[in-house]
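Secondary and tertiary structure notes
Below are the chains, spelled out letter by letter.
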Amino acid sequence: MRQEKRCVSCGLVLKQRGATSFPCPNCGEVTLGRCRRCRDQGVAYACPACGFRGP
Ligand SMILES: [Zn+2]
Ligand SMILES: [Zn+2]
């Protein structure tokens with residue numbers, strides 16, 4: 001099964017340049033994606049697995 005990476009803040013599919021993804025710094029279980037727009041605006045994210053919130 002193929003998984004599309006999505007921005008955890010706005011739900012946008014990450015296919016454009018400038019998007020980033022990284023494992024959750026708290027639990028490491030989930031890969032969190034962030035689109036360029038949310039990165040630029042410093043939108044907060046929350047890990048869907050452990051609820052960790054970060055800038
Ligand atoms: Zn976003
Ligand atoms: Zn987590």
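The following paragraphs examine the structure supplied in this document. Just so it is clear, the model here is predicted, and its values are computed rather than measured. (Residues numbered from 1 in each chain as written. Chains lettered and ligands numbered in written order. Predicted model: local features only at pLDDT ≥ 70, side-chain atom pairs only at ≥ 80, totals over all residues. Heavy atoms only, no water.)

1. Brief notes about the coordination of the zinc ion (ligand 2)
As a reminder, the rule being used: Donor atoms (N, O, S) are those found within 2.8 Å of the metal centre, with the cutoff raised to 3.2 Å for Na, K and Ca; water is not part of the atom list, so apparent gaps in a site can occur. Key to geometry: four donors with every angle between 85 and 135 degrees are tetrahedral; four donors are square planar and six octahedral where opposite donors lie over 155 degrees apart and all remaining angles lie between 65 and 115; all other sites are irregular. Secondary structure elements are defined from DSSP: runs of H or I of at least 4 residues count as helices, runs of E of at least 2 residues count as strands, and each element is numbered from the N terminus.
For the zinc ion (ligand 2), the full set of protein donor atoms is Cys24 (SG), Cys27 (SG), Cys47 (SG) and Cys50 (SG), and the range of their distances to it is 2.3 Å. If you look at the zinc ion (ligand 2), its four donor atoms make angles of 105 to 115° with each other, and the shape they trace is tetrahedral. Counting along the primary sequence, the residues that act as donors to the zinc ion (ligand 2) give the motif C-x2-C-x19-C-x2-C. Taken together, the positions of Cys24 in the loop between β1 (20-23) and β2 (31-34) and Cys47 in the loop between β3 (45-46) and β4 (53-54) put the pair 23 residues apart, joining distant regions of the chain.

2. Things to note about the side chain of Arg34
Worth spelling out the cut-off: Exposed residues in this analysis have more than 50% of their type's maximum accessible area, buried residues have under 20%, and partly exposed residues fall in between, with area computed by a 1.4 Å probe over protein chains only. Think of it this way: Lys and Arg go in the positive column, Asp and Glu in the negative one, and His and the chain ends go nowhere. The working definition used for a salt bridge is a side-chain nitrogen of Lys or Arg within 4 Å of a carboxyl oxygen of Asp or Glu. The term polar contact refers here to a pair of N or O atoms within 3.5 Å; inside protein, the definition further demands a hydrogen-donor-capable atom paired with an acceptor-capable atom, and it admits residues adjacent in sequence only when both atoms are side-chain atoms. The criterion used for residue contact is that any of the two residues' heavy atoms lie within 4.5 Å.
Inspection of the secondary structure puts Arg34 in strand β2. An unpaired buried charge is present at Arg34: no salt bridge exists, and Asp40, the closest side chain of opposite charge, is 9.1 Å distant. Engagement of the side chain of Arg34 in a polar contact is seen with the backbone oxygen of Pro55, the distance being 3.5 Å. If near-sequence neighbours (up to four positions away) are discounted, Arg34 is found in contact with Cys7, Ser9, Leu14, Ala19, Thr20, Phe22, Arg39, Gly42, Val43, Ala44, Tyr45 and Pro55.

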